[in-house]
Amino acid sequence: MCHTLPRIGYKMPYNKYNKQTTHNMSRLPTGQMQEETQELLDEYNELYNWEYNDMVDFIKSYGEDDFINNYETYQKLVDDYGQEVVDEFMEDYDIENFEDMYQGQYESGAEFAEQICQDCGYISNNIPHWIVIDWERTWEANLRHDYIEIGEGHIFSANY
């Protein structure tokens, strides 16, 4: 007599040849996750078509509480600024402060120094052309203590 096992609980192993397109096919650690987390995984996958494995990677890196409270914000920031800068920011700072701290993207700290001086009105169009301002030194000696450069020239205020 042959007995077949029920298919309940069967999980297809992931590999590059059987990429799952639905979230139900490759649930890695969901048996250990809170019910609320599991529900959000399903909801986000269905509503936004966010990749299940990307969400699980986020949970592995930052935990379920951050996933529940911040994943929508994280995805919005990744869409707007790029994953690399958001991930690097989150290594040291709370994601909720990202947009409050963000000052923009510049080629260098020196370019930021020049721009902030112009924005604050410290430089006028009346400066003679023969005056040279060392923007790199301005950044290195002063502004880099109040601002943080992350990734490819993304500047954040350290005083938030």
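Scroll up a little and you will see the structure.
Residues numbered from 1 in each chain as written. Predicted model: local features only at pLDDT ≥ 70, side-chain atom pairs only at ≥ 80, totals over all residues. Heavy atoms only, no water.

**Q** Can you lay out the packing of aromatic side chains for me, pointing to particular residues and giving the numbers?
**A** Inspection of every chain in the model, using the stated rule, returns 23 aromatic pairs. Grouped by ring-pair contacts, the aromatic residues Y44, Y48, W50, F58, Y62, F67, Y71 and Y74 constitute a single cluster. (Phe/Tyr/Trp six-rings, centres within 6.5 Å; stacked < 30°, edge-to-face > 60°.)

**Q** An account of the environment of Y106 is requested, with residue identities and associated values reported.
**A** As for its position among the elements, Y106 is in the loop between β1 (102-105) and α6 (109-119). Under the relative-accessibility criterion, Y106 is labelled buried at 16%. Note: C-alpha distance between Y106 and E152 (46 residues apart in sequence) is 8.1 Å. Once you skip the residues sitting within four places of it in the chain, Y106 turns out to touch E111, F112, Q115, E152, G153 and I155. (Helix = DSSP H or I, 4+ residues; strand = E, 2+ residues; numbered from the N terminus. Buried < 20%, exposed > 50% of the residue type's maximum accessible area, 1.4 Å probe, protein only. Contact = heavy atoms within 4.5 Å.)

**Q** Account for the nonpolar core, with residues named and values stated.
**A** Of all hydrophobic cores here, the largest spans 27 residues; its most connected members are F67, Y71, Y74, V86, F98 and F156. Of all the secondary structure elements, the ones that give two or more residues to this core are α1 (35-48), α2 (52-62), α3 (64-81), α4 (83-90), α5 (98-101) and β2 (147-150). By residue number, the principal contributor to this core is α3, which donates 6 residues. When neighbours within four sequence positions are excluded, F67 is seen to be in contact with T37, L40, L41, Y44, M55, F58 and I59. Residues F112, W139, L143 and I155 belong to the second largest nonpolar core, which totals 11 residues. (Core = buried A, V, L, I, M, F, W, Y, C linked by side-chain atoms within 4.5 Å.)

**Q** Which residues make up the environment of Y74, and what values do they have?
**A** With respect to the helices, strands and loops of the structure, Y74 is situated in helix α3. A residue is classified by how much of its surface remains accessible, and Y74, at 5% relative accessible area, is buried. Counting along the chain gives 21 residues from Y74 to I95, while the straight-line C-alpha distance between them is 7.2 Å. Ignoring any residue separated from it by four or fewer positions in sequence, one finds Y74 in contact with F58, Q83, V86, D87, M90 and I95. Of note is the side chain of Y74, whose polar atom sits 2.7 Å from the side chain of D87. (Polar contact = N/O pair within 3.5 Å; in protein donor to acceptor, adjacent residues only side chain to side chain.)

**Q** Describe α6, naming the residues involved and giving the relevant values.
**A** Listed in full, the buried residues belonging to α6 are G109, A110, F112, A113, I116 and C117. Buried residues in α6, looked at end-on, bunch into an arc of 160 degrees, giving them a common side. On its buried side, α6 packs onto β1, α7 (135-141), β2 and β3 (154-157). The distance from a side-chain oxygen at the start of α6 to the backbone nitrogen of A110 is 3.3 Å, and the residue carrying that oxygen is S108. Directly after α6, the chain includes G121, whose backbone phi takes a positive value near 80 degrees. (Arc of directions from axis to C-beta.)

**Q** I'd like a description of the pairing of β2, backed by residues and values.
**A** Where β2 meets β3, 4 bridges bridge the pair, whose relative direction is antiparallel. Its bridge partner being in β3, I148 is matched across the sheet by F156. The turn joining β2 and β3, which pair antiparallel and follow one another in sequence, is formed by 3 residues; a positive phi near 65 degrees is taken by G151. (Pairing = 2+ DSSP bridges.)

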